[in-house]
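Residue-level listing of the chains:
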Amino acid sequence: RRGLPASPLAGVQLPKPQRPLPVVLTQAQVEELLTLPLRLPPSRQAPPWMPLRDAAVLELFYSSGLRIAELTGLDVADLDLLGGTVRVRGKGAKQRIVPVGDPALAAIARYTREAAVRSGPLFLSKLRRRITATAVDLLLHRYLTRSSIPFRVSPHKLRHSFATHLLDHGADLRSVQEMLGHAHLKTTEVYTHVTVERLKKVYNQAHPRA
């Protein structure tokens, strides 16, 4: 720069660093994880309804793509079993209505019936208090270590898997944005890149001239 009126690099735009793509589970891995709570022998120290609660938690995570704080903050009154929806309080105190799939609805109905959960927090701890995010992480880790899944699965990875599988099966981006509670469509667009990467992988494996 010395002796020059301006830096010759002043107008050069550096390439933007690429955001890492979310790690997602395959549909087979999700199926394995969701069935574990009712397949493993229950803990003798835990109430008999605890495996049912765990199954309902995992089913709802994958069914509706909730954030962990959204799931632990749910009350019984937020769930509409007949309508198949849940009212979610998201970031910035924004509320949204999210569809819930039939397997998740059935799992929640069975859990609430067996645990006699009729009002207040939807998901309870062993001491019948609202479940914490730490407890959800621990239950997920417990089932993960008993599965064949070769990597760490966080509640957020189930959210990633929810969004990616929806797009894989033809959901439009705007609807997925609404269900995830993203304020901006750009945040949701990362999942389209995951889907494209999957398409490329299938193409390379299957096309004779790939």
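Model, not experiment: these values are computed from the prediction.

## Some thoughts on the side chain of Gln29
And step 1. Within the secondary structure, Gln29 is located in helix α1 (residues 27–39).
And step 2. We classify Gln29 as buried; its relative accessible area is 18%.
And step 3. A polar side-chain atom of Gln29 sits 2.9 Å from the main-chain amide nitrogen of Thr26.
And step 4. Residues in contact with Gln29, not counting those within four places in the same chain, are Ile149, Pro150 and Phe151.

## As for the pairing of strand β2 (residues 85–89)
A regular strand places its side chains on the two faces of the sheet in alternate fashion.
And step 1. Taking every second residue as pointing to the same face, the buried face of β2 carries Val86 and Val88, while none of Thr85, Arg87 and Arg89 on the other face is buried.
And step 2. By the bridge criterion, two bridges tie strand β1 (residues 79–80) to β2 in an arrangement that is antiparallel. Across the sheet, residue Leu79 finds its bridge partner in β2, namely Val86.
And step 3. Adjacent in sequence and paired antiparallel, β1 and β2 are bridged by four residues, among which Gly84 carries a positive phi angle near 70 degrees.
And step 4. Sheet topology places β2 next to strand β3 (residues 95–99); five bridges connect them, and they run antiparallel. Directly across from Thr85, in β3, lies its bridge partner Pro99.
And step 5. Between β2 and the antiparallel strand that follows it, β3, lie five residues; Gly92 among them carries a positive phi value of about 65 degrees.

## A look at the packing of helix α2 (residues 50–64) against helix α6 (residues 155–168)
And step 1. Their axes nearest at 7 Å, the elements α2 and α6 cross at an angle of 45 degrees. Classified by the interaxial angle, the pair formed by α2 and α6 is oblique. For the pair formed by α2 and α6, the contact residues are Leu58, Phe61, Tyr62, Ser63 and Ser64 on the first element and Pro155, Leu158, Ser161, Phe162 and His165 on the second.
And step 2. Among the residues forming the contact of α2 with α6, the class breakdown is six nonpolar, four polar and no charged.

What counts and what doesn't
- Positions within a chain are numbered from 1, following the residues in the order the chain's sequence is written.
- In keeping with the predicted nature of the model, local features appear solely for residues at pLDDT of at least 70, side-chain atom pairs appear and are counted solely at 80 or more, and the whole-chain, interface and lining totals rest on all residues.
- Think of the side-chain values as coming from all heavy atoms in the structure, minus any hydrogens and water.
- The secondary structure listing takes helices from DSSP runs of H or I that are at least 4 residues long and strands from runs of E that are at least 2 residues long, numbered from the N terminus.
- Only protein chains enter the calculation, and the probe is 1.4 Å; a residue is then buried if its accessible area is under 20% of its type maximum, exposed if over 50%, and partly exposed in between.
- Contacts described as polar in this section are N or O atom pairs within 3.5 Å, which, within protein, must combine one atom able to donate a hydrogen with one able to accept it, while residues neighboring in sequence count only if both atoms come from side chains.
- Here, residues are in contact when the closest pair of their heavy atoms is within 4.5 Å.
- We call two strands paired when DSSP finds no fewer than two bridges between them.
- Lines fitted to the C-alpha atoms define the axes, with helices restricted to the stretch that makes contact. Angles between their N-to-C directions range from 0 to 180 degrees.
- For this classification, under 35 degrees means roughly parallel, over 145 means roughly antiparallel, 65 to 115 means roughly perpendicular, and everything else is oblique.
- For this classification, the nonpolar set comprises Ala, Val, Leu, Ile, Met, Phe, Trp, Tyr, Cys and Pro, the charged set comprises Asp, Glu, Lys and Arg, and every other residue, Gly included, is treated as polar.

Interpretation note: all reported values are geometric properties and have no functional meaning in isolation.
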